[in-house]
Amino acid sequence: MTEHTEIPIRERNIVFIGFMGAGKTTIGKLVAKKLYRDFIDIDQELEKRHNRPVPQIFQELGEPVFRQMERDLIVSLCTNTRLKIISLGGGAYLNEDVRKVCLSHCIVYFIDLSWESWKERIPLIIDSRPILQNKTLDQIEELFLSRKSAYAIHHSKISTNQIDAETAAEQIVESIKLAWDLYQPNRD
Ligand SMILES: Nc1ncnc2c1ncn2[C@@H]1O[C@H](COP(=O)(O)OP(=O)(O)O)[C@@H](O)[C@H]1O
Ligand SMILES: O=C(O)C1=C[C@@H](OP(=O)(O)O)[C@@H](O)[C@H](O)C1
Ligand SMILES: [Mg+2]
């Protein structure tokens, strides 16, 4: 699983990572549409498979079971599929197996957002993210900072402080096409 893959760059899955609320799901879906590819959101996939929303999975099965299920799903998708656009949940990439399989088989794109910009998103996400429950703002900031070192390991990143999701998706598609042309030029 850890060796470097032979998957041509144009066929590799594109995986979005970053803190919860950064825009992985929203931007991933837009990028998939622009590239005519299937979109897979790991949280939504787990919700479908278990027929309940993520907060209920946390509540009824516990976080360790959720983490194992997300790890297994990501490893399986990265190993067995190509040409997908995959948005991870924010905590998934802290798992070493997840990092390794994503980096070796896919293009890993970090959706970055400053703490100041992120704070403005709190009302949009607070109710649907179990990890944020019963935490002070200081504790959430600590979590935000503690995850930075994992997200720093990526192939490419975009800072979305000043741009909306549509603009971010356009810029991502442009940079991906540039990388495809650089590393696997089309020979007519
Ligand atoms: N670039 C952006 N600018 C402003 N709001 C955004 C942007 N990207 C996402 N959002 C909003 O932030 C919230 C969280 O986005 P989401 O895609 O669910 O993030 P994630 O999957 O990283 O948790 C949503 O309400 C979404 O509409
Ligand atoms: O960061 C995390 O630990 C989590 C992020 C969520 O996904 P998003 O990053 O899409 O919000 C979801 O997987 C779950 O609530 C746990
Ligand atoms: Mg998401």
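Above this text sits the structure in question.
Residues numbered from 1 in each chain as written. Chains lettered and ligands numbered in written order. Predicted model: local features only at pLDDT ≥ 70, side-chain atom pairs only at ≥ 80, totals over all residues. Heavy atoms only, no water.

The subject of this paragraph is the packing of aromatic side chains. Taken as a whole, this structure holds eight aromatic pairs when the rule is applied. Ring geometry for tryptophan 115 against tryptophan 118: centres 5.3 Å apart, planes inclined by 20°, an arrangement best described as stacked. Of this pair, tryptophan 115 and tryptophan 118 both sit in helix H6 (residues 115-119), three residues apart, roughly one helical turn. The pair tryptophan 115 / tryptophan 118 is uniform in exposure class, with both members buried. Ring geometry for tryptophan 118 against phenylalanine 144: centres 6.1 Å apart, planes inclined by 45°, an arrangement best described as tilted. Residue tryptophan 118 is found in helix H6, and its partner phenylalanine 144 is found in helix H8 (residues 137-146); the two are separated by 26 residues along the sequence. (Phe/Tyr/Trp six-rings, centres within 6.5 Å; stacked < 30°, edge-to-face > 60°. Helix = DSSP H or I, 4+ residues; strand = E, 2+ residues; numbered from the N terminus. Buried < 20%, exposed > 50% of the residue type's maximum accessible area, 1.4 Å probe, protein only.)

Here we take up the site of ligand 1. Near ligand 1 you find 15 residues, and of these Gly21, Lys24, Thr25, Thr26 and Arg129 are the closest. Measuring from an oxygen atom of ligand 1, one finds a backbone N or O atom of glycine 21 at 2.7 Å. Isolated, ligand 1 exposes 560 Å² of accessible area, and the fraction of that covered by the protein chains is 75%. Taking a 2 Å distance to the grid points as the criterion, the majority of the atoms of ligand 1 fall inside the largest pocket. Breaking the shell around ligand 1 down by element, the ones donating at least two residues are helix H1 (24-35) and helix H7 (122-125). When residues of the shell around ligand 1 are assigned to their parent elements, the largest contribution, three residues, is made by H1. (Near = heavy atom within 4 Å. Polar contact = N/O pair within 3.5 Å; in protein donor to acceptor, adjacent residues only side chain to side chain. Areas by Shrake-Rupley, 256 points an atom, 1.4 Å probe, with all protein chains shown as cover. 1 Å grid on protein atoms, 1.4 Å probe; cavity = no way out; pocket = protein on both sides within 12 Å on 5 of 7 lines; lining within 4 Å. Sits in = over half its atoms within 2 Å of the grid points.)

Locating serine 156 in the fold gives a position in strand E5 (residues 156-159). For serine 156, a relative accessible area of 24% translates into the label partly exposed. Sequence-wise, serine 156 and phenylalanine 110 are 46 residues apart; in three dimensions their C-alpha atoms are separated by 6.2 Å. In contact with serine 156, not counting residues within four places along its chain, are Val108, Tyr109 and Phe110. In terms of polar contacts, serine 156 uses its side chain to reach the side chain of tyrosine 109, at 3.5 Å. (Contact = heavy atoms within 4.5 Å.)

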